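Chain by chain, the residues run as shown.
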Amino acid sequence: MKITNHKIADLLSTRKEEKRKSFAVLLDPDKVDLATFPDFLGQAVENEVDFFFVGGSLITNYAIDQLILAIKKHTNIPTILFPGNGLHIDQSADAILFLSLISGRNPDFLIGQHVIAAPMLKKSGLEVLPTGYMLVESGKLTTVSYISNTIPLPSDKPGIAACTAMAGELLGLKNIFLDAGSGALYPVSAEIIEAVRASVDTPIIVGGGINSSEKALIAMQAGADVIVVGNGIEQNQNLLSEVAASVKMFNLQMEKVY
């Protein structure tokens, strides 16, 4: 069943208020083997993945529709588009992260792509999740930084990150996504996450460079509400279950506290 209206937004807000963390797996259509994908989806169900994010900064093999079809066939996990531009829209998904790249100064990714996508989204029935997208320096030039032609936020300047997130919230954005980028040498720091958590009331999504359960735990303890793992799973098949276990353990501990 397609999730419409504000169901995912409400779920993210409720979980944030309850201090329950969520685990999202980012699927890059260029890197998914459709032949083995059903087996991977079975593992995702077994490990109680909360969301699939589908998309990326640069897609050369447009298989988004095939991925979503397979997800719907084999799971009940909500599918959220993670678009790299205004063309990455598929109506069969449940929702879309309507990303405004507020850490950069490229108007095309602040509002330009959104103007192109808006008419399609209004007709699509997709749940739109207005999200402030913030790139954080991660030790290397990432694809998203290159494609968007923007400079990431300094990793050692939590005050800048906090003010940027505050501006996004005041502009009406409903989520903040802190991203170190695919293949990041190191993830968004705890200091950055803590500063943003102290500055906004929105759910905070954190991804990029989370290639171990320890790094996922650090992000959750710092205030991340959704942990996103993508590239790391391609390199370490055990990472899916390891991060899932870390999220479950954190949530169990929070239940005991509250």
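In what follows, the structure referred to is the one given above.
Worth saying up front: this structure is predicted, and the values here are computed from it rather than measured. (Residues numbered from 1 in each chain as written. Predicted model: local features only at pLDDT ≥ 70, side-chain atom pairs only at ≥ 80, totals over all residues. Heavy atoms only, no water.)

Chemist: Go over the sheet that holds strand 8 (residues 226–229), please, and point to the residues and values.
Modeler: The strand order around the closed barrel formed by eight strands is 1-2-3-4-5-6-7-8, and the pairing between neighbours is parallel. Strand-to-strand twist in this sheet, taken as the mean axis angle between neighbours without regard to direction, amounts to 30°. The pairing of strand 7 (residues 204–207) with strand 8 spans three bridges and is parallel. Among the inter-strand pairings, V206 is bridged to a residue of strand 8, identified as I227. Docked against the sheet, helix 4 (residues 107–124) engages strand 4 (95–101) and strand 5 (127–135), running at close to 155° with respect to strand 4. (Pairing = 2+ DSSP bridges. Helix = DSSP H or I, 4+ residues; strand = E, 2+ residues; numbered from the N terminus. Axes fitted to C-alpha atoms, helices over the stretch in contact; angles between N-to-C directions. Contact = heavy atoms within 4.5 Å.)

Chemist: How would you explain the pattern of salt bridges if you had to name every residue and give the values?
Modeler: Summed over the entire model, instances satisfying the criterion amount to six salt bridges. Residue R15 is joined to D50 by a salt bridge in which the shortest nitrogen-to-oxygen separation is 3.5 Å. Here R15, found in helix 1 (residues 7–17), pairs with D50, found in the loop between helix 2 (37–46) and strand 2 (51–55); they are 35 residues apart in sequence, far enough to count as distant. The pair formed by R15 and D50 is uniform in burial state, with each residue classed as buried. Its salt-bridge partner being D94, residue K72 comes within 2.6 Å of it at the nearest N-O pair. Placement of the pair is K72 in helix 3 (residues 64–74) and D94 in the loop between strand 3 (79–82) and strand 4, with a sequence separation of 22 residues. (Salt bridge = Lys/Arg side-chain N within 4 Å of Asp/Glu carboxyl O. Buried < 20%, exposed > 50% of the residue type's maximum accessible area, 1.4 Å probe, protein only.)

Chemist: Give me the side chain of D225: which residues, what numbers.
Modeler: Inspection of the secondary structure assignment puts D225 in the loop between helix 8 (213–222) and strand 8. Reaching out from D225, the side chain makes a polar contact with the side chain of R197 at a distance of 2.7 Å. Not counting chain neighbours up to four residues away, the residues in contact with D225 comprise K16, R20, K21, S22, R197, T202, P203 and I204. (Polar contact = N/O pair within 3.5 Å; in protein donor to acceptor, adjacent residues only side chain to side chain.)

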